[in-house]
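# Structure at a glance
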Amino acid sequence: MAADSFLWTPLLLPLALAWIVPVLAHEHHGEDLTEEQLRAPVDAILWMHIALQAIVWGFIFPVGMVLGLTRSKWHVPVQSLAFALTFGGIILGHAHGGRQFPSSVHSHIGSWILVPILAQLCLGIYLKLHIHERTLRPYAVRAHGILGRIWPILGWVQCLFGVITLRGFCGEIGAGQCAAHYIMGSAFIAYGIIMALLLVVGDNWIRRSGRSPEWWDSWVIMLWGIVNTFTEHHGGEWSAKDMQHTILGILWWAGGALGIFLSRNNQRNVVPGVIIILTGWAMSDHAQALMLSTKVHSMFGYSLMLAGFARILEVCFIPLPPSPVSETPASDDNDSEHTLAPSAPKDAAKPNAARAFRHLPPFLLVASGLLFMSATDEELEAVHEEGMDHVTYVLSMYSIAFLFYLVTVFLLHLYSTSGRNASSAQQPSVVFSVEGIELSDSTDTSKWYAPLSREEGGVGSSACTWRGRG
């Protein structure tokens, strides 16, 4: 049934080509708008455009991307629905009345984003035809995968510019601050998502890479610090903010270099957590013009500090799940110094507690990023004029962070339980296997495995399981 549902997919191509002409021909407004047009209420059509595109690019497209990564049969139907809805959203965005907007980055991206949309649509249709299997198809598969992976980034950038256009923020005066806050805030959010990916579902990949999580963290921190060191001061006299932002860059590349060195031989270290704490402390004491802005920046700093402390606790006291016997080198020491392959905890509740605690650092990084993005002078002046206090504003940002992280962990869960990963997620853990005969332990459905200790020396222990061929 699912295969029949996307037979209508090729019909989207001529429809899309019919829509692209009026969209590209649409003249974006320039400087000739009247004050009445600029301050008119937002009409229902534009609100429909905003809601529809937010749902499509914030949820449906990412779900389809994950289903594509897992080779699920639902990948094509979901993405076909998303393409149809986003084309409808584009039409609504060019058909609204009410408030009008000057030419903006959002409007220009809205036209040119049709290029990757149509390219991805054409690649998807071509791949469904299953032709040129040994010549062109392998390259098409790779191009389709690359475009699909950058889809969330395209959606995030366009949605940000949409909010900026709707609110009228980031003009000539505030553009520099907007760029600093939105880029840095997005970096914290991306850091949190990557950390969730590595710690929640990426343990096996980390072991195969031969690097600890902190090795990857430290490289990201060091490279970002190098960029920040040379981009915060733009000539002229040094202000206090220039000095603070530049020294933060130096802190990041210096600490990141130390973290990379300490992460050699798969070792874990607390340097990334310490850097996050110091960054949070600096931001919590960042002088601002408005008291509201000072309070929001303080909460941003406290959130970062808490994320750093949680990261240190996770490194020092929450062991990674034990690795399979086949991937663990023989050693006389049952408690290896290589912290990526610790002994299995004797308390069965500890792995569950460890997996629960690992969500705290990435969630706090996501919340910190959203707080920082919402802390520009223009945004907080607008909030101040609305009569909102810092408590309501901060809790609003945390509410958005909860929803954002909910989507993130749902996508991670979907990746683990859909398509080619669905069968492995439902299989019981195998205690012993030889010549096709398997002995399963129905009480332990964990996918993690632990080596036998020298004292136990048997297969029957409930705390130690093993998969392999005799």
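A brief look at the structure comes next. Keep in mind that this is a model prediction, so the values were computed, not measured.

What counts and how
Residues numbered from 1 in each chain as written. Predicted model: local features only at pLDDT ≥ 70, side-chain atom pairs only at ≥ 80, totals over all residues. Heavy atoms only, no water. Phe/Tyr/Trp six-rings, centres within 6.5 Å; stacked < 30°, edge-to-face > 60°. Helix = DSSP H or I, 4+ residues; strand = E, 2+ residues; numbered from the N terminus. Lys NZ or Arg CZ within 6 Å of the ring centre and 35° of its normal. Expected span 1.5 Å × (residues − 1). Bend = angle between axes of the 7 residues up to and from the residue. Disulfide = S-S within 2.5 Å. Buried < 20%, exposed > 50% of the residue type's maximum accessible area, 1.4 Å probe, protein only. Patch = residues over 30% accessible without salt bridge, like charges linked within 9 Å, V, L, I, M, F, W, Y side chains within 5 Å. Areas by Shrake-Rupley, 256 points an atom, 1.4 Å probe, with all protein chains shown as cover. Salt bridge = Lys/Arg side-chain N within 4 Å of Asp/Glu carboxyl O. Core = buried A, V, L, I, M, F, W, Y, C linked by side-chain atoms within 4.5 Å. Axes fitted to C-alpha atoms, helices over the stretch in contact; angles between N-to-C directions. Parallel < 35°, antiparallel > 145°, perpendicular 65-115°, else oblique. Left-handed = near helix turned anticlockwise from the far one by under 90°. Contact = heavy atoms within 4.5 Å. Nonpolar A, V, L, I, M, F, W, Y, C, P; charged D, E, K, R; others polar.

So, on to the packing of aromatic side chains. A complete count under the given rule lists 14 aromatic pairs for this structure. On the numbers, 5.8 Å between centres and 25° between planes, the contact of Phe59 with Phe410 is stacked. Remark: Phe410 occurs in helix α19 (residues 390–417) and Phe59 occurs in helix α4 (residues 44–69); sequence separation between them is 351 residues. Pairing Trp215 with Trp219 gives two aromatic rings, centres 6.0 Å apart and planes at 65°, and the pair type is edge-to-face. Of this pair, Trp215 and Trp219 both sit in helix α12 (residues 213–229), separated by four residues, roughly a single helical turn. Connected via pairs of aromatic rings, a cluster forms that spans Trp57, Phe61, Phe83 and Trp151. Across from the ring centre of Phe261, 4.2 Å away, lies the NZ or CZ of Arg264, which sits over that ring.

On to α4, then. Here α4 contains 26 residues, and its C-alpha end-to-end distance of 36 Å stays within 8% of the 38 Å for a straight helix at 1.5 Å per residue. Where α4 bends most, at Val56, the angle is about 35°. Two residues or fewer after α4 comes Arg71, characterised by a positive phi angle close to 60°.

This part takes up the state of the cysteines. Covalently bonding the sulfur atom of one cysteine to the sulfur atom of another cysteine gives a disulfide. Tallying each qualifying case throughout the model produces one disulfide. For Cys170, the disulfide goes to Cys178, at an S-S distance of 2.0 Å. Sign of the S-S torsion, about -85° for the bond between Cys170 and Cys178, identifies this disulfide as left-handed. Each member of the pair, Cys170 as well as Cys178, carries the same accessibility label: buried.

All right, on to a nonpolar patch on the surface then. Together, Trp219, Leu223, Ile226, Phe230, Ile247, Ile250 and Trp253 make up a nonpolar patch on the protein surface, roughly 690 Å² of accessible area in all. Residue assignment for the nonpolar patch shows that the elements contributing at least two residues are α12 and α13 (240–262). As for its position among the elements, Ile250 is in helix α13.

What follows concerns the nonpolar core. If you look at the biggest cluster of nonpolar residues, it comprises 45 residues, and the most contacted ones within it are Val296, Phe300, Leu365 and Tyr398. Breaking this core down by element, the ones donating at least two residues are α9 (151–167), α10 (175–201), α13, α14 (271–284), α15 (291–317), α17 (360–373), α18 (377–385) and α19. Counting 22 residues, the second largest nonpolar core, distinct from the first, contains Val63, Met65, Leu121 and Ile125.

It is worth spelling out the packing of α13 against α14 at this point. Their axes nearest at 9 Å, the elements α13 and α14 cross at an angle of 165°. It follows that α13 is roughly antiparallel to α14 by the angle criterion. Note that α13 runs across α14; the crossing there is right-handed. When α13 is examined against α14, the residues Leu248, Leu251, Trp252, Gly255, Gly256, Leu258, Gly259 and Leu262 are found in contact with a partner set consisting of Val271, Ile275, Leu278, Thr279, Ala282 and Met283. For the contact of α13 with α14, the residue count by class is 10 nonpolar, four polar and no charged.

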